[in-house]
Every structure is written in C-alpha cells, then in structure tokens.
Amino acid sequence: MATKQKTVYACTECGGQFPKWSGRCPNCGEWNTLNEEITAPSRGGAAVGRAELCRIDSIDTQAETRYPTGMRELDRVLGGGIVPGGMMLIGGDPGIGKSTLLLQICGHLSESYKVLYASGEESARQIKLRAERLGVDKGELLLFCETDMDVILNAITTEKPDIVIIDSIQTVSLSEVASSPGSVTQVRECTGAVMRVAKREDIPVFIVGHVNKDGAIAGPKVMEHIVDCVLYFEGDPHSNYRMLRCAKNRYGSTNEIGVFEMRDKGLYEVENPSMMLLSGRPKNVSGTCVACTMEGSRPLLAEVQGLVSPTGFGNPRRMATGFDNNRLALLLAVLEKRCGYFFSNLDTYLNIIGGLRLDEPAADLPVALALVSSLKDKPVDEGVVAFGEVGLAGELRSVSGAEQRIAEAARLGFTRVIVPAHTLKTLTGSYDIEVVGAATLREAYEKL
Ligand code: TYD
Ligand code: MG
C-alpha cells in the first residue's frame, strides 16, 4: 500500500478535499474555508480487529444492558440509556451547556461505574470547581486533561473505564497526522481511532463536537456516519431553556427531545415542558391559540401567536418564526379562498412561543385559528386547544397521536379541544375534556 503523504486543501465547512487552493469551496460555495492539510494514509474504518462470520440467530442480545444516565430526559433521547460500545456525538453552540450536561451525568454514572473524562478545553482545577458547584465531585471519576489522542487511547486501554467522555473532538490530535487539531483530517482520524477502541472494548463514548456558523457539527460529515448517535443541544441564548434533539440514533427513535433548564447549579430536567411553554400566556387577547404537537412520543402544548395589521405600503409582509413560511402562505390562501377571510392587504406575523418549531401538519389548525382570531379581533377562549391538518379544500384531516394529545390537554386543565371531525369517530376512550369535532376550517372557527 502506498504510504506517501500528499497535500490537499480541505474545506472546514463541508469537508470536501481538493488538489488546488481556491478562495471559494467548489463543493459548498463557502468563501475562505479551504485549508492546507497533509493527508496521512487512513487507518481504515473497520470496527473490530478480526471479524468472524456468524448467523444472526446465534447472536446473544439477552445480555444487552443500558446504563441509565440519571437524567430521564437524556435517557429518553438516547432511546433508553447508554448502549455499551455506543458512540454519542453531542454538538451545540459554545456555552450552551454541553460540558455541564456531561459532567452532571458523570456524577451519577461514577457512583456505579468508572468514568474517564478527557478534556482538552479546561484544566483539571477548572473542571473540579465546576464539579463542586454541580455537586458531582465524588465517585470514581477520572479527569484527564490531555489533547494527545494516543495518550488518551492508551489511558482507555490500561484503565479500562466503563464510560469515556471526550470534550471536545476539535481539541484532540493524533501526532502521526500532520494537520492541526480541529482540521478535517484530524477530526476524522481521531473519531475513527476512538471508535476502534470503543467497539473493541465495548466502552460507550460521548464526544463533544463544536458547531460551525450554520449550526451543523464542524468537521467532516463522515464523523456523523461513524458515530451511532448524533445529538444537538440547542436553546435560545436569551432563555435558560435548553433542548436536546437527536439527529441520528442507531438504537432508538430520532424524534425524541429532552428539555432542560440551566440554573445556577447546573442543568435541571423539565419534566413538564407544556407547562413551561404556556407560562406567561396573555389573557383575553386576540390572535393566540394553543397547539398540541407531538415531539416523538411526547405531546407538547405550545402557544401560537398571530398578528394581522394593515399593510403600510406595497406588498403585504408575511413573517413566521418557528413555522414554515410557505406553509403560512398556503394557509392564508386556504383561508381566503375557502373560508372568505381576506388577508390580501394585511401584514401577517406568526410566532411560536418558547423557541419551538412546529413542523407538523397538526399545527395547521391552531395557526389558522390564531390568524382568524387576530383578523376578527376576537380572542379564542383560553381553555381551548386545537390540532389538525388543513387540506387545500379547507377541510380538516386527522393526524396521528390524537388520544395522547387530548390526554395532555386534559391533564393541563384545558376545557375544550377542537379536532378534525374524522378523528372524533376514531376515539375510544373517555376524557376529562370536551372534544369538539369540525369538518372544515370554517366550522372549527365557528365552533370556538
Ligand atoms: P458549558 O457547559 O461550559 O458550555 P459548552 O461546554 O457547551 O461550551 O456551559 C457554560 C454555560 O453555562 C456558561 O455560560 C454558564 C452556564 N452555567 C450556569 O448557568 N450554571 C451552572 O451551574 C454552570 C456549570 C454553567
Ligand atoms: Mg465545553
């Protein structure tokens, strides 16, 4: 095999590699992102040293256990806890709380397991100070402030920890790879090297990854292919609430979210996110309606706010935050054509409270109701929740998870829920809330 080193120019945004430098990446079109790198011959991607052929029915999965992290919100996102040998990548903006989250779960895990926390970002003293603040400075937690990947891998092989955390992959480097830490080649090779050790020793590994300016994990896409689970830790910088989303999970659903609140003593789980999303709701004001959306298997209530006002000049503005702009245009067209509510010379603004994004069709009905309520300047009763997809004929169509949504609305003390008429027929249980079916958007507004 040829072992000659060669120089390439790699894009820090998309990971594309080119033989020549240019000011703009030919692949993703970003400016000034190509860096010179020396490619080392890759060590290959095979996970285990020697593979054996085996029949699928001869593989024993009875012994498959998962380590609970002590945080139910995180366990749910992971699909029920940490899988031995699993590689979990956590990305997020700087200061969002990635290190805090991992240090907190270390506190719980180190009570029963041996945890190795390798940090290239902070000194042992800094970590200890933070651990003291979080109250997790006991147990078998080994801190290792090291950026040399070979040293970290050696420590893993000799210490044989049960769980490893690497904070962050952009600060560690392999000495045999000539590129600087954080470069595409380094990140790829380091991830591959950890993976081989993790799979061989069956040790779960959490890797922290920085994000680039678009919010995607910085480094080559291949890193996301290697790992088993990709988590994004997100949140509005102005609020204390944080959401953990899963973008890839080989051992569970990707739809789950975990909600946390950052306080002075670390991250707290928010077990009742609907309550948090509805806090501070205005009373007796037109243009708001409560939506019930499903995030994975969990129903969430969120407030939708619409504002309609006369256009100053020219084309009316349509602006949506947390909702698709095209979907808003479509709903406005349906409201005009099928229901006779005219928005053509009105600016329309839509906002979903709490930094939530409603991508589900079930959000159509509450969005339309909030807009009509603002148009007519007539408040929607505060005990009302709505969900349902709006079709182009102005009809309401059923959505999945109706029973869970209704149960969540009832649990939080709402008194009426507006659902598509067809959904009403499929319901079997009895609920502590009045369930109203409507066949069309117009009927839904009239039944409010
Ligand atoms: P950190 O975990 O260092 O972020 P990341 O590793 O994602 O870059 O989070 C640091 C932020 O969290 C910092 O802005 C301060 C805040 N914080 C608290 O509010 N309370 C706490 O108990 C801790 C440890 C941090
Ligand atoms: Mg950090």
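Scroll up to find the structure.
Residues numbered from 1 in each chain as written. Chains lettered and ligands numbered in written order. Predicted model: local features only at pLDDT ≥ 70, side-chain atom pairs only at ≥ 80, totals over all residues. Heavy atoms only, no water.

Caption draft 1: Spatial organisation of empty space enclosed by the protein. According to the stated counting rule, one finds one cavity of 30 Å³ or more in the structure shown. Considering the residues around the largest cavity, the lining is formed by Arg66, Leu78, Gly81, Ile82, Val83, Met88, Cys229, Asn249 and Tyr251. Considered class by class, the residues forming the lining of the largest cavity number six nonpolar, two polar and one charged. (1 Å grid on protein atoms, 1.4 Å probe; cavity = no way out; pocket = protein on both sides within 12 Å on 5 of 7 lines; lining within 4 Å. Points joined across faces, edges and corners; volume = space filled by probe spheres on them. Nonpolar A, V, L, I, M, F, W, Y, C, P; charged D, E, K, R; others polar.)

Caption draft 2: Here's a closer look at the packing of helix H4 (residues 149-159) against helix H5 (residues 184-201). Packing of H4 against H5 leaves a shortest axis separation of 11 Å and a crossing angle of 5°. The pairing of H4 with H5 is recorded here as roughly parallel in orientation. Between H4 and H5, the residues in contact are Met149, Leu153, Ile156 and Thr157 and Cys190, Ala193, Val194, Val197, Arg200 and Glu201, respectively. (Axes fitted to C-alpha atoms, helices over the stretch in contact; angles between N-to-C directions. Helix = DSSP H or I, 4+ residues; strand = E, 2+ residues; numbered from the N terminus. Parallel < 35°, antiparallel > 145°, perpendicular 65-115°, else oblique. Contact = heavy atoms within 4.5 Å.)

Caption draft 3: Seen up close, H4. Every buried residue of H4 is accounted for by Met149, Ile152, Leu153, Ala155 and Ile156. Viewed end-on, H4 has its buried residues packed into an arc of 155°, placing them on one side of the element. Exposed side of H4, more than 90 degrees from the buried face: Asn154 and Thr158 are the residues found there. Where H4 is buried, its residues touch strand S5 (115-119), strand S6 (141-145), strand S7 (163-167) and H5. The opening residue of H4, the one whose side-chain oxygen lies 3.0 Å from the backbone nitrogen of aspartate 150, is aspartate 148. (Buried < 20%, exposed > 50% of the residue type's maximum accessible area, 1.4 Å probe, protein only. Arc of directions from axis to C-beta. Polar contact = N/O pair within 3.5 Å; in protein donor to acceptor, adjacent residues only side chain to side chain.)

Caption draft 4: Local environment of the sheet that holds strand S11 (residues 257-263). Read from one edge of the open sheet, nine strands run S6-S5-S7-S8-S4-S9-S10-S11-S12, paired in mixed fashion. Looking at the sheet topology across the chains shown, the edges are occupied by S6 and strand S12 (266-269). For this sheet the average axis-to-axis angle between neighbouring strands, irrespective of direction, equals 25°. Across four bridges, the pairing between S7 and strand S8 (residues 205-210) is parallel. By the bridge assignment, isoleucine 166 is partnered in S8 with isoleucine 207. Across the sheet, H4 is in contact with S5, S6 and S7; its angle to S6 comes to roughly 160°. Together, strand S4 (87-92), S7 and S8 form the strand contacts of H5, whose direction differs from that of S4 by roughly 145°. (Pairing = 2+ DSSP bridges.)

Caption draft 5: How the structure looks around the site of ligand 1. Around ligand 1 lies a shell of 16 residues, among which Gly95, Ser99, Thr100, Arg263 and Gly266 are the nearest. In the environment of ligand 1, an oxygen atom lies 3.0 Å from a nitrogen or oxygen atom belonging to the backbone of glycine 97. Compared with its free state, where it exposes 560 Å², ligand 1 has 73% of that area covered by protein. Those elements that place two or more of their residues in the shell around ligand 1 are helix H2 (98-112), helix H3 (124-134) and S11. (Near = heavy atom within 4 Å. Areas by Shrake-Rupley, 256 points an atom, 1.4 Å probe, with all protein chains shown as cover.)

Caption draft 6: View of the side chain of glutamine 104. Along the chain, glutamine 104 falls in helix H2. Those residues in contact with glutamine 104 that sit more than four places away from it in its chain are Met71, Leu134, Val136, Gly266 and Leu267.

Caption draft 7: Representation of the layout of surface pockets. Its boundaries defined by the atoms lining it, the largest pocket holds a volume of some 300 Å³. If you go around the largest pocket, you meet 14 residues; those closest to its centre are Gly235, Asp236, Met243, Gly354 and Gly355. Listing elements by their share of the lining of the largest pocket, those giving two or more residues are strand S10 (241-249) and helix H7 (273-278). When residues of the lining of the largest pocket are assigned to their parent elements, the largest contribution, four residues, is made by S10. Shared between two domains, the lining of the largest pocket holds at least three residues of each, these being domain 2 (67-271) and domain 3 (276-446). (Domains from an automatic or database assignment.)

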